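Secondary and tertiary structure notes
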Amino acid sequence: MNTIERTLFYDRKNPDANQFDAGVWAGDGGYRVEMNETRWWFPTSDESLYGVKWSAYFSSLGEGEDVEEPPAETLEQMELYWQIPLEPDLEEQKVMFRRILEIAKEQFYAIGIALPTDGYGIRKNNLRNVVESYPDSWLYLTPGPTDIPAWFFSED
């Protein structure tokens, strides 16, 4: 393991450099955001550390200097993802995305090794209308969806 400074890591993982063998990173997902955060399911950005040149292919639609055409299975995922916004039927969109996830399961791009511990929050006793629990995720924009404008301080 060679722990390096983040900027150097980003320089080395860019598709034009591609100077790293593996990376360890915090994952995310769940809470109905899988279609928005696809980097773990197939290479969609340079954050998809297992396939930065494939992600360059995805981002550039196959055009560019530092792209590499992915294998057939990964290419199928990309083509499905490009088709999803064009599909008017929500149920068919779900079928298409499930196929993307099935391929990811078979290709095994990323390995999840641990789950985060439960988080916690601190609030004053007189702060009201605060939910008891909520998902803690930057994808969920925590704590935004808990309706913060509805929180208030009581006199008692």
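Residues numbered from 1 in each chain as written. Predicted model: local features only at pLDDT ≥ 70, side-chain atom pairs only at ≥ 80, totals over all residues. Heavy atoms only, no water.

**Some remarks on the overall build of the chain**
Heads up, the rule is: Counting from the N terminus, the helices are DSSP H or I runs at least four residues long and the strands are E runs at least two residues long. Using C-alpha atoms as the atom set, the radius of gyration is obtained and then compared with a globule rule of 2.2 Å times the number of residues to the power 0.38.
Check the secondary structure of the chain and you find 4 helices and 2 strands. Moving toward the C terminus, one meets the helices and strands of the chain in the order α-α-α-α-β-β. At 20 Å, the chain has a C-alpha radius of gyration far larger than the 15 Å of a compact globule built from 156 residues. For the chain, the spread of C-alpha atoms along the three principal axes comes to 65 × 45 × 25 Å.

**Some thoughts on the pattern of salt bridges**
Which entries qualify depends on this criterion: Throughout this description, the term salt bridge denotes a Lys or Arg side-chain nitrogen within 4 Å of a carboxyl oxygen of Asp or Glu. With a 1.4 Å probe rolled over the protein chains alone, any residue whose accessible area is under 20% of its type maximum counts as buried; one over 50% counts as exposed, and the rest are partly exposed.
On inspection of all chains with the given rule, the structure shows 6 salt bridges. Among the salt bridges present, the one from R39 reaches E47, with a minimum N-O distance of 3.5 Å. In terms of burial, R39 and E47 fall into one category: buried. Put simply, E91 and K94 hold a salt bridge, and the shortest N to O gap is 3.5 Å. Placement of the pair is E91 and K94 together in helix α4 (residues 90-107), with a separation of 3 residues, close to one helical turn. For K94, a relative accessible area of 33% translates into the label partly exposed. Salt bridges here are not isolated pairs; linked through shared partners, they connect K13, R39, D46 and E47.

**Looking at a nonpolar patch on the surface**
Selection rule: Distance thresholds for patches are 9 Å for like charges and 5 Å for nonpolar side chains (Val, Leu, Ile, Met, Phe, Trp, Tyr), applied to residues having over 30% relative accessible area and no salt bridge. Every accessible area reported is derived by Shrake-Rupley at a probe size of 1.4 Å, with residue values counting cover from the shown protein chains alone.
Together, F108, I111 and I113 give the surface a local cluster of nonpolar side chains, amounting to about 400 Å² of exposed area. Its place among the elements puts F108 in the loop between α4 and β1 (127-128). A residue is classified by how much of its surface remains accessible, and F108, at 55% relative accessible area, is exposed.

**Let's talk about the packing of helix α2 (residues 52-60) against helix α3 (residues 72-83)**
For any two helices packed against each other, the geometry comes down to the angle between their axes and how far apart the axes lie. To keep things clear, this is the line we draw: Where helices are involved, their axes are fitted lines through C-alpha atoms of the stretch in contact, as for all axes, and angles between N-to-C directions lie from 0 to 180°. Here the angle decides the label: under 35 degrees means roughly parallel, over 145 means roughly antiparallel, 65 to 115 means roughly perpendicular, and every other value means oblique. Handedness of a crossing is defined here by the sense of rotation of the near helix relative to the far one, left-handed for an anticlockwise turn of less than a right angle and right-handed for a clockwise turn. It only takes one pair of heavy atoms within 4.5 Å for two residues to be counted as in contact.
One can describe the packing of α2 onto α3 by two numbers: an axis separation of 11 Å at closest approach and a directional angle of 30°. Relative to α3, α2 is oriented roughly parallel. As α2 runs across α3, the sense of the crossing is right-handed. Between α2, through W54, Y57 and F58, and α3, the contact on the second element is made entirely by T74, L75, M78, Y81 and W82.

**Here's the deal with the environment of P88**
Within the secondary structure, P88 is located in the loop between α3 and α4. Here the alpha-carbon distance between P88 and Y120, two residues 32 residues apart in the chain, equals 40 Å.

**Overview of the nonpolar core**
The test is simple: For our purposes a nonpolar core is just a set of buried Ala, Val, Leu, Ile, Met, Phe, Trp, Tyr and Cys residues, chained together by side-chain atoms within 4.5 Å.
In terms of nonpolar packing, the biggest core is built from 14 residues, with F42, M78, I84, I100 and Y109 touching the most fellow members. Secondary-structure elements contributing two or more residues to this core are α2, α3 and α4. Excluding residues within four positions of it along the chain, F42 makes contact with S48, Y50, F58, Q77, M78, Y81, I100 and Y109.

**Observations regarding the side chain of S55**
Along the chain, S55 turns up in helix α2. Of the residues examined, S55 reaches a relative accessible area of 2% and is grouped as buried.

**Let's talk about α3**
Test applied: Take the number of residues in a helix, subtract one, and multiply by 1.5 Å to get its expected span.
Between its first and last C-alpha, α3 extends 16 Å over 12 residues, near the 16 Å set by a 1.5 Å rise per residue. The complete set of buried residues in α3 reads T74, L75, Q77, M78 and L80.

**Some points on the environment of S55**
Sequence separation between S55 and D156 is 101 residues, and the spatial gap between their C-alpha atoms is 55 Å. Ignoring any residue separated from it by four or fewer positions in sequence, one finds S55 in contact with P43, T44, S45 and D46.

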